[in-house]
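Overview (structure and organization)
Here's the letter readout for the chains.
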Protein chains: 2
Amino acid sequence: MITLPLCTNKAPLYRQIYDWLKAEIQSKNYKPHDRIPSKRKLSEHLCVSINTIDTAYSQLLDEGYIIAVPKKGYFVCDIDVYHRINVTQQENTLNISMSNLKIDFSPSDIDHHAFPYKTWRNIFKSCFNEFDHSILKRTMAQGDVNLRRELVAFLHSSRGVNCDERQIVIGAGTESSLRTLSLVLSNNTSIALENPVYRKAYKTFEHMGHAILPIPIDDRGIEIEPLKNLSNVAVYVTPSHQFPLGISMPIGRRVELLNFANEADGRFIIEDDYDSEFRYIRKPLPSLQSIDQNGKVIYVGTFSTSIAPSIRISYMVLPLTLLKNYTKICTEFGSEVSILEQRIVAKFIAEGNYEKHLNKMRKLYKDKRGHLIRELSIFGNDIKIVGESAGSHLLIKSAISKSENDMRKAATEKGVKVYPISDYFIGQMLEKYENTFLLGYGALSKIEISEGVKLLYDAWNCGD
Amino acid sequence: MITLPLCTNKAPLYRQIYDWLKAEIQSKNYKPHDRIPSKRKLSEHLCVSINTIDTAYSQLLDEGYIIAVPKKGYFVCDIDVYHRINVTQQENTLNISMSNLKIDFSPSDIDHHAFPYKTWRNIFKSCFNEFDHSILKRTMAQGDVNLRRELVAFLHSSRGVNCDERQIVIGAGTESSLRTLSLVLSNNTSIALENPVYRKAYKTFEHMGHAILPIPIDDRGIEIEPLKNLSNVAVYVTPSHQFPLGISMPIGRRVELLNFANEADGRFIIEDDYDSEFRYIRKPLPSLQSIDQNGKVIYVGTFSTSIAPSIRISYMVLPLTLLKNYTKICTEFGSEVSILEQRIVAKFIAEGNYEKHLNKMRKLYKDKRGHLIRELSIFGNDIKIVGESAGSHLLIKSAISKSENDMRKAATEKGVKVYPISDYFIGQMLEKYENTFLLGYGALSKIEISEGVKLLYDAWNCGD
């Protein structure tokens, strides 16, 4: 018998015995079918209690290193030799970030200073308590009923959306909602997308295996003509404020689009109303869903821009025509969203805080937008501002005789991040969009906006 | 000119004018290409300021009901007639719930009274403050780096998992993680599943379009023989505590399974370690991932059972071989999980609270399990208890001469919900599993366990 080097200052005794025996088996000192010492014998040999040996042996039995043969003892199992393959370590794929970033004109960021911390903290306190165990339970796939009820009322009054709480499905962000929708639509549904497009939507549908049809946009939104011959198609649009072009779809085109959907079964419209909360000049346009009478529109929205990007809560209003399929496919699953956060948002809406917050943000963003436009005037005729008075970004089209890439590079060198519209195209960008950049102002202070514009002015040598 | 019935006690004036004109256009009182009154004329006619008329007209222009022709005036647009289709209202598809439910032996519920409310509240307070705006930002797709770091250390010490933080991907629950995994695996990867199986995993892969291969289980876990000829396959297993059978896979089978994966490219193992935290007799078995040297194992875990089902946080450890594909596909997206909850869980682990909580729960569940087994002894030889000493459920196999369906029905009538194992089969159940039920005890108090067992005893007429 091999001597076991027991010591007292580390793992428990049974563990040392287990480790030693396992190593002996793995290194083939004990071979398959060998009998190992009886518990009594080993206990005497090592001067440890038989209970300790028993614990070690039980663990080895459990893990399948040894088997017990009644009246014969313990034998080593025949464990297949484990083969190793050489795997080459992969390169570190972390994204390279701009190290000198000063001003980021990101179109998807918000004003963090305006977040209602105190209100949120108070609502958390009132929602999270040991007397309500429902906050620990997993909720149904569709999401918390309180939040769904609040949304029914809110979406009706603010966007004209007609639905009841059964039609609302809460998701963990727009992409998560679109993934769920992809499961609900039949597999062979093609997805027609505005081009340029909200990339995450495009990528989500592509990854989910749908055929992708990029459709051009004219000055009234997505063109209907290229859709005409399609069946089994869902058309993804952002009619309130086209992302990224900022076009608002007029009623004529809306009706054309709805009529296109009505002309055949298997045609749907996905209305992503992502930033309809922010419109500065007049009241927001009513949603497509509010005009739809035929169960053709799937309405999608999110709290990412209206509360915070970290709040992973989106919502989808399914037409009754799709509800049955949703129920069949998804109700086996639970909700993907923390019930506590759903409750907090529900209360935030119910108590009027959401409305108040939106009013505050609208004023704030309008102010920032005005400031950005004033600052941009130093460019004179070198740039033209495009896009509706809505959302938290605008577009500039430059007449400067530099390539888009050179302009982006020059901005980057000055520490300014701008977003060329070519990034949002599926395939080749049309010439008319060349040298167009998105400037988001949600997260920037007025001082930062001024600084950013000045840096761009220098970068693009407009003063020369 | 039609007279507009203006009143002063409802909507703002401009809104009444807008509503009236819109109605006139929709009802074809103004026809397409008709000229509507000039702003000045209407202002005089209605005795309201020209600004008010301007606001109303701007909204109509915005929405595309009218167009402005320079020097000519405002004309009604040619809006396509909107066609209505009859949609029959769908029946209410809400699930019918047991109205007399007294005791639910659910295998997926937890003890809510043991949740560390106070600690959680304190951690929330310390994570949520206005000086850290990162809690409002959307985090990268892989999840918060703090949580990923904590998981690297925790999974290594508790489960032997070898990885670094780059390999960890945070998801919104196991199904969400499996959906992401489905995107990372190639489209033509078949999914081999233990049969019986964790249904949500099976359904997730099915919905994502993978070919499903149900594989039988013997007393050592999933059988290897039926896998032999498969290529491009990912084998989904629960080796620590097979769900639902409760088998722990011995080392010999584990090595066989790993060797199967190693023998060809495109073979992977998905190790769902869903309740490995709860093992009562000896230390948990080390994970498959800890033995894997060839990048073949995808390790999946969740906080649903170990903290609470409402915490929608799961994690996946990707082998380096799949990381490149993950980066390519998923890094465009953001994380699906609330950053605040990720931070709270990270801190919960970092400060030792998770370890403490697990120890407490382990003791509690062990105690409940013992109690359930003692109570079940009244059945004598009529039932046999099966499944490892682990997790928060056990299985009973009944020798009572009643069909499974009759037994379930009888239990339901007494207000007791039991979970027949047939629910977890893909296709036909094997005869040897007949009349086997899962009894979960996580959420039940000892008194409830006693009551539940007595009701089952009555329901199944064992006393007769």
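Residues numbered from 1 in each chain as written. Chains lettered and ligands numbered in written order. Predicted model: local features only at pLDDT ≥ 70, side-chain atom pairs only at ≥ 80, totals over all residues. Heavy atoms only, no water.

Attention shifts here to the overall build of chain A. Along its length, chain A carries 14 helices and 17 strands. Radius of gyration (C-alpha) of chain A: 31 Å, far over the 23 Å computed for a compact globule of 464 residues. Here the C-alpha coordinates of chain A stretch approximately 95 × 60 × 50 Å along the principal axes. Counting over 464 residues, chain A shows a buried share of 58%. In chain A, the proportion of contacts linking residues at least 24 apart, taken out of those at least 6 apart, comes to 72%. Element-wise, carbon and sulfur atoms account for 50% of the exposed surface of chain A, whose accessible area totals about 19300 Å². Both charge centroids of chain A, one from 58 positive and one from 54 negative side chains, sit 4 Å from each other. (Helix = DSSP H or I, 4+ residues; strand = E, 2+ residues; numbered from the N terminus. Rg over C-alpha atoms; globule rule 2.2 N^0.38 Å. Buried < 20%, exposed > 50% of the residue type's maximum accessible area, 1.4 Å probe, protein only. Contact = heavy atoms within 4.5 Å. Areas by Shrake-Rupley, 256 points an atom, 1.4 Å probe, with all protein chains shown as cover. Lys, Arg positive; Asp, Glu negative; His and termini not counted. Charge placed at Lys NZ, Arg CZ, Asp CG, Glu CD.)

All right, on to the sheet that holds strand 7 (residues 212-218) of chain B then. Residue and element names in this part refer to chain B. The strand order across the open sheet built from eight strands is 5-12-11-10-9-6-7-8, with neighbouring strands paired in mixed fashion. Lying at the two open borders of the sheet, with one neighbouring strand each, are strand 5 (168-171) and strand 8 (221-222). Judged from the five bridges that link them, strand 6 (residues 190-195) and strand 7 form a sheet pairing that is parallel. Residue pairing across strands places N195 opposite P216, the latter belonging to strand 7. (Pairing = 2+ DSSP bridges.)

Residues annotated by UniProt as "domain: HTH gntR-type" (unreviewed entry) correspond here to residues 11-79 of chain A. Along residues 11-79 of chain A one finds 52% helix and 14% strand; the C-alpha atoms at either end are 26 Å apart. (UniProt positions renumbered as here; feature names shortened; annotations may be inferred.)

For the rest of this paragraph, the subject is the relation of the copies chain A and chain B. In screw terms, the move from chain A to chain B is a rotation of 180 degrees and a rise of 0.0 Å along the axis, fitting with an RMSD of 0.1 Å. Taken together, these values place the two copies in the relation of a two-fold axis. In this assembly the copies share their binding face: 99% of the residues contributing to the interface of chain A also contribute to that of chain B. (Least-squares fit on C-alpha atoms with pLDDT ≥ 70 in both.)

Among all positions of helix 10 (residues 320-330) of chain B, only L320(B), L322(B), L323(B), Y326(B), T327(B), I329(B) and C330(B) are buried. Turning to helix 10 of chain B, the residues buried within the fold contact helix 7 (199-207) of chain A together with strand 5, helix 6 (174-184), strand 10 (267-272) and strand 11 (297-302) of chain B.

Here we take up the sheet that holds strand 1 (residues 35-36) of chain A. Residues and elements named next belong to chain A. Read across the sheet, three strands follow the order 1-3-2 without closing on themselves; strand pairing throughout is antiparallel. Strands at the two margins of the open sheet, each flanked by one partner only, are strand 1 and strand 2 (66-69). Where strand 1 lies against strand 3 (residues 73-76), two bridges are found, and the strand directions are antiparallel. Paired with R35 across the two strands is F75, which belongs to strand 3.

What follows concerns the packing of aromatic side chains. Residues and elements named next belong to chain A. Taken as a whole, this structure holds 41 aromatic pairs over all chains when the rule is applied. Summarising the aromatic geometry, the rings of F425 and Y433 are spaced 5.2 Å apart at their centres and angled 50 degrees between planes, so their arrangement reads as tilted. For F425, a relative accessible area of 7% corresponds to the buried category. Against the face of F268 rests K296, its NZ or CZ located 5.4 Å from the ring centre. (Phe/Tyr/Trp six-rings, centres within 6.5 Å; stacked < 30°, edge-to-face > 60°. Lys NZ or Arg CZ within 6 Å of the ring centre and 35° of its normal.)

Glancing now at the pairing of strand 10 (residues 267-272) of chain A. The side chains of a regular strand alternate between both faces of the sheet. All names here are of chain A. Among the six residues of strand 10, six are classified as buried, and the element is accordingly described as predominantly covered. What you see with strand 10 is no split at all: R267, I269 and E271 on one side and F268, I270 and D272 on the other are buried throughout. Relative to strand 10, strand 9 (residues 233-237) runs parallel, the two being bridged by five bridges. Opposite A234, over in strand 10, you have F268 as the bridge partner. You can see the chain leave strand 9, run along helix 8 (residues 251-262) and come back into strand 10, and the turn it takes is right-handed. Bridging between strand 10 and strand 11 (residues 297-302) involves four bridges; their strand directions are parallel. Opposite D272, over in strand 11, you have V300 as the bridge partner. (Right-handed = clockwise from strand over helix to strand, strands pointing away.)

Residues and elements named next belong to chain B. Contact pair helix 12 (residues 353-376) / helix 14 (residues 446-459): the axes reach a minimum separation of 10 Å and the direction vectors enclose 25 degrees. Taken together, the axes of helix 12 and helix 14 lie roughly parallel to each other. Two packed elements cross with a definite hand, and for helix 12 against helix 14 that hand is right-handed. Side by side, helix 12 and helix 14 meet where D367, K368, H371, L372, E375 and L376 of the first sit next to K446, I449, S450, V453 and K454 of the second. (Axes fitted to C-alpha atoms, helices over the stretch in contact; angles between N-to-C directions. Parallel < 35°, antiparallel > 145°, perpendicular 65-115°, else oblique. Left-handed = near helix turned anticlockwise from the far one by under 90°.)

Let us now look at the side chain of E194(A). Residues and elements named next belong to chain A. For E194, the position within the fold is in strand 6 (residues 190-195). Despite its burial, E194 remains without a salt bridge, the nearest opposite charge being carried by R253 at 9.0 Å. Polar contacts involving the side chain of E194 include one to the side chain of Q242, which spans 3.1 Å. With residues up to four places along the chain from it excluded, the contact list for E194 reads I215, I217, I222, Y236, V237, T238, Q242 and F243. (Salt bridge = Lys/Arg side-chain N within 4 Å of Asp/Glu carboxyl O. Polar contact = N/O pair within 3.5 Å; in protein donor to acceptor, adjacent residues only side chain to side chain.)

To continue, consider the nonpolar core. Core analysis: the biggest nonpolar cluster contains 132 residues, and F303(A), I307(A), W460(A), F303(B), I307(B) and W460(B) have the highest contact counts within it. The residues contacting I307(B), other than those within four sequence positions of it, are I110(B), F115(B), W120(B), V345(B), F348(B), Y354(B) and H357(B). M208(A), F268(A), I270(A) and Y326(B) belong to the second largest nonpolar core, which has 59 residues in total. (Core = buried A, V, L, I, M, F, W, Y, C linked by side-chain atoms within 4.5 Å.)

All names here are of chain A. All chains considered together, the criterion is met by 38 salt bridges over all chains. In this structure, the salt-bridge partner of K368 is D111, at a minimum N-O distance of 2.6 Å. Of the two residues, K368 is situated in helix 12 (residues 353-376) and D111 in the loop between strand 4 (103-104) and helix 4 (117-127); the sequence distance between them amounts to 257 residues. With respect to burial, K368 and D111 carry one shared label: buried. Sharing partners across several salt bridges, the network here consists of D218, R220, R253 and E256.

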